[in-house]
Amino acid sequence: MPSSSGTELSFDSGGLPVDATIVNPLGESIWDQWVGSHPGATIFHTSAWARVLVDTYRHQPLYLRLCVEGEALALVPMMEVRSMLTRTRGICLPFSDYCAPLLLNDFGAGLVVKKLRQLARERSWSYFEVRDDSLLPKDAPISESYWGHTLDLTGGSAATSANFSSSARRALRKAERSGLTATVRTDSAAIAQFYRLHVGTRRKHGVPPQPRAFFANIQKQIIGAGLGFIIVVEKAGCVLAAAMFFQFGGHAIYKFGASDERWQEFRPNNLAMAAAIDHLGRTSAEVLHFGRTDKSNEGLRHFKLSWGAREHEISYGKFGISVDNWLPARTRRPTLHNRFFRALPTPLNRLAGVLLYPHLD
């Protein structure tokens, strides 16, 4: 992937000269220093996550640093997704549940949007999308909305577990009585165990699994680099469930969970989450983000709330270049494809993931 570091564009807004530099985070170590100094930075803002996306899907990173009179204004990680099937667009960021531009100044939002509009026209994007609502004007429509949940870890393990719901406590007691064990893992064998469960779980939900290469790159760039771990739940040597977590600074993220549905009565997913919360409480993590939840998925929503998490909305903003404005939400797509992918044999389901995900985000 060619480096775009050093490309500079200038424009003027309200008398303030704004310099925007396109940085390739894969070749510029300074990017991680910049984002590491921002309290809102997560693993999704880092070069490690950029490398996962580039190595797996070949998207082009166009990460922006905006400055006003030499002072940093904003850091905006952006990937260009080029596809003849789903159009060329800019996303902040693909396969990331939420990813807010890191604003360093109260008046930065409007200037960031102006720069993104300029970049989008130059790159012939059909639209750009930001997986957060910090750039949206108050009257702008949101393109997608999900539930988000966060758990405060600063009080310590005892204080955190005291806020577990009664249903979560019952599930944990059942898991423990059933002889389940949970282990924190970072080895490649854990990735293989997770992926086997992931394939089955995705098929159950009627969607193809992400390519195996995606998780191999996660192992290499994130888990193997000390920026994440996997909780593996077993019973008598049989793997029942696994959950994947990322961590950068004080922010931890529950990214993926998978399990063997034949053993759900033993509550392995509950034990996996409790083990992760306990482990994170012993590290520098200050908050656990549970990712996004479809508003129609009440079961997953209540599972996340049962740990004492605070609920909020995750709203995406999508700016259409042809209409030069923020785009409203689209009607939900029909779910006929879910039945199709549930019916596909596992090898074909995996092949579908390899073929389709480079065009999706």
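Description of the structure in this document.

Conventions and cut-offs
- Residues numbered from 1 in each chain as written.
- Predicted model: local features only at pLDDT ≥ 70, side-chain atom pairs only at ≥ 80, totals over all residues.
- Heavy atoms only, no water.
- Helix = DSSP H or I, 4+ residues; strand = E, 2+ residues; numbered from the N terminus.
- Rg over C-alpha atoms; globule rule 2.2 N^0.38 Å.
- Buried < 20%, exposed > 50% of the residue type's maximum accessible area, 1.4 Å probe, protein only.
- Areas by Shrake-Rupley, 256 points an atom, 1.4 Å probe, with all protein chains shown as cover.
- Lys, Arg positive; Asp, Glu negative; His and termini not counted.
- Charge placed at Lys NZ, Arg CZ, Asp CG, Glu CD.
- Contact = heavy atoms within 4.5 Å.
- 1 Å grid on protein atoms, 1.4 Å probe; cavity = no way out; pocket = protein on both sides within 12 Å on 5 of 7 lines; lining within 4 Å.
- Points joined across faces, edges and corners; volume = space filled by probe spheres on them.
- Nonpolar A, V, L, I, M, F, W, Y, C, P; charged D, E, K, R; others polar.
- Patch = residues over 30% accessible without salt bridge, like charges linked within 9 Å, V, L, I, M, F, W, Y side chains within 5 Å.
- Salt bridge = Lys/Arg side-chain N within 4 Å of Asp/Glu carboxyl O.
- Pairing = 2+ DSSP bridges.

## Topic: the overall build of the protein
- A count of helices and strands for the protein gives 11 helices and 17 strands.
- In terms of overall dimensions, the protein is globule-like: its C-alpha atoms have a radius of gyration of 21 Å, near the 21 Å expected for 361 residues.
- Seen along its three principal axes, the alpha-carbon backbone of the protein occupies a region of about 65 × 45 × 40 Å.
- Residues classed as buried in the protein amount to 52% of the 361 residues present.
- For the protein, the accessible surface area stands at approximately 16,300 Å², while carbon and sulfur atoms represent 51% of it.
- Separation of charge centres in the protein, based on 42 positive and 32 negative side chains, amounts to 10 Å.

## Some words on the side chain of Asn-270
- Tracing the sequence through the fold places Asn-270 in helix 8 (residues 268-281).
- Residue classification places Asn-270 among the buried residues on the basis of a relative accessible area of 11%.
- Residues contacting Asn-270, with those up to four places away along its chain left out, are Ala-171, Leu-172, Phe-303 and Trp-307.

## Quick word on the layout of surface pockets
- The calculated volume of the second largest pocket comes to roughly 320 Å³.
- Mapped onto the lining of the second largest pocket, the elements with two or more residues apiece are strand 10 (144-152), strand 15 (287-293) and strand 16 (310-320).
- Looking at the lining of the second largest pocket element by element, the count peaks at 4 residues for strand 16.
- Looking at the lining of the second largest pocket residue by residue, the class counts come to 5 nonpolar, 13 polar and 3 charged.

## Notes on a nonpolar patch on the surface
- Where nonpolar side chains cluster on the molecular surface, the patch consists of Leu-348, Leu-351, Val-354, Leu-355, Leu-356 and Leu-360 and spans about 500 Å² of accessible area.
- With respect to the helices, strands and loops of the structure, Leu-355 is situated in helix 11 (residues 346-356).

## A short note on the pairing of strand 4 (residues 63-68)
- Counting buried residues along strand 4, 5 of its 6 residues qualify, which places the element largely inside the surrounding structure.
- The pairing of strand 4 with strand 5 (residues 71-76) spans 5 bridges and is classified as antiparallel. Counted as the bridge partner of Cys-67 is Ala-72 from strand 5.
- In textbook terms, the turn of a hairpin is the stretch between consecutive antiparallel strands, and for strand 4 and strand 5 this stretch comprises 2 residues, one of which, Glu-69, has a positive phi near 50°.

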